Amino acid sequence: MVEIFLDNVTHIYGKEVKALDNTTLRIENGSLIALLGPSGCGKTTTMRIIAGLLRPTSGRVYFDNVDVTERSSQERNVAMVFQFIVIYDKTVFENIEFPLLVRKVPKEERIKRVKHAAELMGISNVLSQQARRLDPGTRQKVALARAFVRQPTVFLLDEPLTNVDPQTRLELRKIIKELQKDLHQTMIYVTHDQAEALTLSEKIAVMKDGKMIQYDTPEALYDKPKNTFVAWFIGNPGMQFFDTSLKQSDGAFLLDAGEFSVDVSNVSGQLVKYGNELKLGIRPENVQVSSQKKVGWFNAKCTMVERVGNMYLLSLSKGRLEIKAKIKETDVREGDTAWVQFPSEKVRVYTKAGELII
Amino acid sequence: MKKMSFRNKTLFIALIPMIYLYGLVIYPFASVIYYSFFSYDIGGTPVFNGVGNYIQLFTDTQFYRTLGLTLSYSILAVGTEFLFGIGLAYLLMHISRGRSVATSILILPLVMTPAVAGIIWRIMFDAGFGHVNFYLSLIGIPGQKWLIRPTEAFISTVIVDVWQWTPFVTLVTFAGLTTLPVELVESAYIDGASEFRTFKDILLPRIRALLYIILFLRVIDTLKIFDTVYTMTGGGPGTATTYMSIFNYLNLMTFYHIGYGCTIAAFFILLMNVVVTILSKKAGAALFAT
Amino acid sequence: MKLKTLIFYIILAICLLFFIYPVYFAFNLALMPRAAIFQLPPNYIFQPTLDNFVKVINSWEFTKYLTNSTIVSITAVTMSLMIGLPATYALVRYDIPKKGTILSMILGIRFLPITSVAIPFYIMFVSLGLYDTLFGLLLTYILLNLPFIVWLMRGYIMDVPTELEESYEVDGLSKTQVFLRITLPLVYKGLLATVLFCFIFTWNEFGIALLLTGTNARTLPVQSLQFVASLGLDWGALCAAAVLIASPMIVFGLLIRRYLIRGLSLGAVR
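Residues numbered from 1 in each chain as written. Chains lettered and ligands numbered in written order. Predicted model: local features only at pLDDT ≥ 70, side-chain atom pairs only at ≥ 80, totals over all residues.

Colleague: Describe the overall build of chain C, naming the residues involved and giving the relevant values.
Modeller: The helix and strand inventory of chain C stands at 14 helices and zero strands. Ordered by position from N to C terminus, the α and β elements of chain C give α-α-α-α-α-α-α-α-α-α-α-α-α-α. Considered along the principal axes of its C-alpha atoms, chain C spans approximately 75 × 65 × 30 Å. The proportion of buried residues among the 270 residues of chain C is 49%. Contacts in chain C between residues far apart in sequence, at least 24 positions, make up 77% of those at least 6 positions apart. (Helix = DSSP H or I, 4+ residues; strand = E, 2+ residues; numbered from the N terminus. Buried ≥ 20, exposed ≤ 12 C-beta atoms within 10 Å, placed from the backbone. Contact = placed C-beta atoms within 7 Å.)

This is the structure in structure tokens:
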């Protein structure tokens, strides 16, 4: 139940591998945040530094304004659940009891707390069984119970649901969310599964190459991604980009992608100072497509229609450019000519380097 | 004409050697049991003796003495090897640099010809000039008449066994431990367990099967110990270190009682079978699983 | 370095001294001139001499027994491989009735007390005229090596994916060809280790050789016993003999360090 603050933490493995590069992160007390990013982005390293398994090459770690960088995991009272389901060769009860046993908690209280934790996880009925013989889903529940029974300062979960069957996965997601809400527990969740991160967490830290790119609520990440990487990474599929140049024509400012242009006169003032070459981004979900010709829309040829879940993913080509659109219903068929529009409020403009302008 | 299916033919060829195996194993078994009922000395002729040999065996005080010695030897040696061996494995786990040097040194006792080891230790245990007494005197323990007095001789054989086989326990345990996932240790660390506790309550239970196998192999081997003891003490002084194998050998080769020798052998083989059966439930299952 | 780690290192070092001392001791005495041997405290520095080695090599037909050991070891291991490898392969890949029993029987050979089982061999060999012959010794050693070969190679063969073999079969290779040209090359490392391991075991073998040989087919370990009788207090020579007999094994052992454990535990540790 603490606030965690990472101050300029850098970590280098061996001589060269920079796993974390000057990362600063503040996690509010009682919040569930996710660390999201492609493999190798540094999320597990961050996790382990917070846990106390790793001492950062430079930078400090604070729990509630107390510098814990030099302290062991035990002293920080963190709990960690791993992707590899860790179970000791004992009964379920003894597994959950272990941390309490180590801390010499008196027997009566131990029994009480273990039973409580088991109940929360829904595993009270297997307390006397050998934990290693149970199925992965149940075993991970045991691991969670063991982590929880200690009333830790922070709960660290490193892709805990990867090795669990889908059914239990949903169950566990619910349990984790509830636990966090009811107990106001600070939780950090590492995952490479966007959907999980988006549904579970209050805030997400998107990381890449050891740097924290953006730390925001899911909505903000979706709507206003700070750079092209985040924009592309979030979403299924992510945002698409077109290289454009800022042009002036008949008094209006246009972003010209070659095959089509978008009017940006109303924000031209903000754009001008970033030079001529800008990137235009729009999410496939926001692209408007119609089989009827509409004013101001441009035409494109539909090359493919795929069904994705309950939506259609259309591939439209105009000249050398390809546009993807994801819409619920359409009467556009493959080979048809369709009319496309990018609603201006959904358009995002990025610098050539990838930073968000509007 | 129909060709024999290739599968059957190659299988057949591959397993023919097994017949050699059966023959060479079954024949001795049958033979030993057969002759155990005979009174037969080398150079003489076998005379059927019914269970006469067996009666002789079970009324032979030396037999019981031997049995007792063998069991004590086994328990003492294996016990020490386990404690010492696992302890060393613990040490190895907690150091980072010298591991390959340590493992190289540790295999030396294992590959040394047991018979030769017996000879070397024989020299070292010499009461007058042996180095064992010398080093003991350095730490204040007076020299013992190692190979001269019965109890000391017994202990010296145990020491040699411990010397030769503790590395086995250590290296196998260590190998098993290194295959365990690192998250196991990390989780225990986060849970707050000390290094020792982690070792005892988390890691060792995980390699329980392996430990059974080690135990199993060591017990079997100590019960039939022969090489080192024979070259070091020859079974003496007197019969102080005459373990089952040596007892069997002496009756056969020194006293030339083949019949009686077979009786002993039959009993011994039966004993080993029983021990193997009892112990193999846990160990064998683990072996077959690999 | 933490104090605890330092203590660990010290204890470990002391234990390692214990394990290495007899080996060092043997080498030491083997190189010592006669006069220096019986001195206490032991001479750590002295003028090394090869006299002891010369004496041993020249005495008691050392070369003959060396040859015996070498021939027997190499041949036994080779033949045992030729029998054992196809058998192991069959036992791994095929569903043979009573497979478990067969494997147990093979394993059981290792658990037999040698002196007991050697008796009927003794009787049989005497009547067949095989006593004190290399051939007789060979027959027994081939048998004794089988458990190791089966249980060691079993693991390595199991590591070769059946799909690989099957795809070659589908392409037209016969099962024997697959075994010889595909599977075996893939397990050559394990094979090498097994060979060296079996060699060490056979070379070091004492009990059977003692029982089944006289002066003709005797092997080195048995001869070492003879040395004790004949050299008595000549510890220098005795140690030289010890060194000569055990050194090849030490070399091999160090070579197959990593595989040794697998061998000794009969494949229990991968």
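Colleague: Let's hear about the interface of chain C and chain B: which residues, and what values?
Modeller: Every contact between the two is made by 69 residues of chain C and, on the other side, 78 residues of chain B. With 13 residues, helix H1 (residues 3-30) of chain C is the single largest residue contributor to the side of chain C that touches chain B. Across the side of chain C that touches chain B, the residue classes break down as 55 nonpolar, twelve polar and two charged. (Nonpolar A, V, L, I, M, F, W, Y, C, P; charged D, E, K, R; others polar.)

Colleague: Any details on the packing of helix H5 (residues 99-111) of chain C against helix H7 (residues 134-159) of chain C? Residues and values, ideally.
Modeller: Residues and elements named next belong to chain C. Look at H5 against H7: their axes get within 8 Å of each other, and the N-to-C directions meet at 125°. In this view, H5 runs oblique relative to H7, as classed from their interaxial angle. When the axes of H5 and H7 are compared, the crossing they make is left-handed. Contact with H5, carried on its side by Ile106, Leu107, Ile109 and Arg110, involves Leu143, Leu144, Leu146, Pro147, Val150 and Trp151 of H7 and no other residues of that element. (Axes fitted to C-alpha atoms, helices over the stretch in contact; angles between N-to-C directions. Parallel < 35°, antiparallel > 145°, perpendicular 65-115°, else oblique. Left-handed = near helix turned anticlockwise from the far one by under 90°.)

Colleague: Lay out the environment of A:His116 with the relevant residues and their values.
Modeller: Residues and elements named next belong to chain A. Mapped onto the elements, His116 comes out in helix H4 (residues 107-121). A count of 15 C-beta atoms within 10 Å places His116 in the partly exposed class. With 33 residues separating them in the primary sequence, His116 and Val149 have C-alpha atoms 8.1 Å apart.

Colleague: Give me the lowdown on the pairing of strand E6 (residues 78-81) of chain A, citing residues and values where you can.
Modeller: All names here are of chain A. Because side chains alternate across E6, one face comprises the buried residues Val78 and Met80, and the other comprises Ala79 and Val81, equally buried. Where E6 meets strand E7 (residues 154-158), four bridges bridge the pair, whose relative direction is parallel. Bridged to Val78 within E7 is Val154. (Pairing = 2+ DSSP bridges.)

Colleague: Please set out the interface of chain A and chain B residue by residue, giving values where relevant.
Modeller: Across the boundary between the two partners, chain A contributes 16 residues, which contact 14 residues of chain B. Mapped by element, the contributors of at least two residues to the side of chain A that touches chain B are helix H2 (73-76), E6 and helix H3 (92-102) of chain A. Across the side of chain A that touches chain B, the residue classes tally to twelve nonpolar, two polar and two charged.

Colleague: Help me get a handle on the arrangement of the chains, residues and values and all.
Modeller: Among the two pairs of chains in contact, the pair with the most contacts is chains B and C. Taking C-alpha atoms only, the smallest gap left between chain A and chain C, which are not in contact, amounts to 16 Å.

Colleague: How would you explain the domain arrangement of chain A if you had to name every residue and give the values?
Modeller: Residues and elements named next belong to chain A. What the domain assignment reports for chain A is domain 1 (4-233), domain 2 (235-281 + 346-358) and domain 3 (288-341). Domain 2 and domain 3 are separated by 21 Å when their C-alpha centres are compared. Opposite the seven residues of domain 2 that make contact, domain 3 presents six residues. Among the residues forming the side of domain 2 that touches domain 3, the class breakdown is four nonpolar, two polar and one charged. (Domains from an automatic or database assignment.)

Colleague: How would you sum up the nonpolar core? Please name residues and give values.
Modeller: A:Ala145, A:Leu156, A:Ile188, C:Phe197, C:Leu212, C:Leu238 and C:Ala242 are the most contacted members of the largest nonpolar core, which totals 271 residues. With 17 residues, H7(C) is the largest single contributor of residues to this core. Excluding residues that lie within four positions of it along the chain, A:Ala145 makes contacts with A:Ile96, A:Ala117, A:Ala118, A:Met121 and A:Ile123. (Core = buried A, V, L, I, M, F, W, Y, C linked by C-beta atoms within 7 Å.)

Colleague: Residue-level account of the sheet that holds strand E20 (residues 348-351) of chain A, with values.
Modeller: Residue and element names in this part refer to chain A. Pairing in this open sheet of five strands is antiparallel, and the strands run E13-E12-E11-E14-E20 from one edge to the other. Two strands lie at the open edges of the sheet, namely strand E13 (261-263) and E20, each paired on one side alone. Strand-to-strand twist across the sheet, computed as the mean angle between neighbouring axes with direction ignored, equals 40°. Here strand E12 (residues 252-256) pairs with E13 via three bridges, running antiparallel. Bridge pairing links Asp256 to Ser261 in E13.

Colleague: A description of the sheet that holds strand E8 (residues 186-191) of chain A should follow, citing residues and the corresponding values.
Modeller: All names here are of chain A. The mixed open sheet is built from six strands, whose spatial order is E6-E7-E8-E3-E9-E10. Edge positions in the open sheet fall to E6 and strand E10 (211-216), since each of these has one partner strand only. Across the sheet, the mean angle from the axis of one strand to that of its neighbour is 20°, orientation sign disregarded. Pairing analysis gives four bridges linking strand E3 (residues 32-36) to strand E9 (residues 203-208), with the strands arranged parallel.

Colleague: Could you give an account of the environment of C:Phe125, naming the residues involved and the relevant values?
Modeller: All names here are of chain C. With respect to the helices and strands, Phe125 occurs in helix H6 (residues 114-128). A tally of 22 C-beta atoms within 10 Å means that Phe125 is categorised as buried. The spatial distance from the C-alpha of Phe125 to the C-alpha of Gly253 is 33 Å, given a sequence separation of 128 residues. With residues near it in sequence (within four places) discarded, Phe125 still touches Leu130, Tyr131, Gly136 and Leu212.

Colleague: Can you explain H4(A)? Please cite residues and give values.
Modeller: An α-helical turn contains 3.6 residues, so a residue and the one three or four places further along point in the same direction. All names here are of chain A. Taking 1.5 Å per residue as the helical rise, H4 with its 15 residues ought to reach 21 Å, and the 21 Å between its terminal C-alpha atoms agrees with that figure. Of the residues making up H4, those classed as buried are Arg110, Arg113, Val114, Ala117, Ala118 and Met121. Projection of H4 onto a plane perpendicular to its axis shows the buried side chains occupying an angular sector of 135°, all on one side. For H4, the exposed residues lying more than 90 degrees away from the buried face are Glu108, Glu109, Lys112 and Glu119. On its buried face, H4 is in contact with H3, helix H5 (136-148) and helix H6 (166-183). (Expected span 1.5 Å × (residues − 1). Arc of directions from axis to C-beta.)

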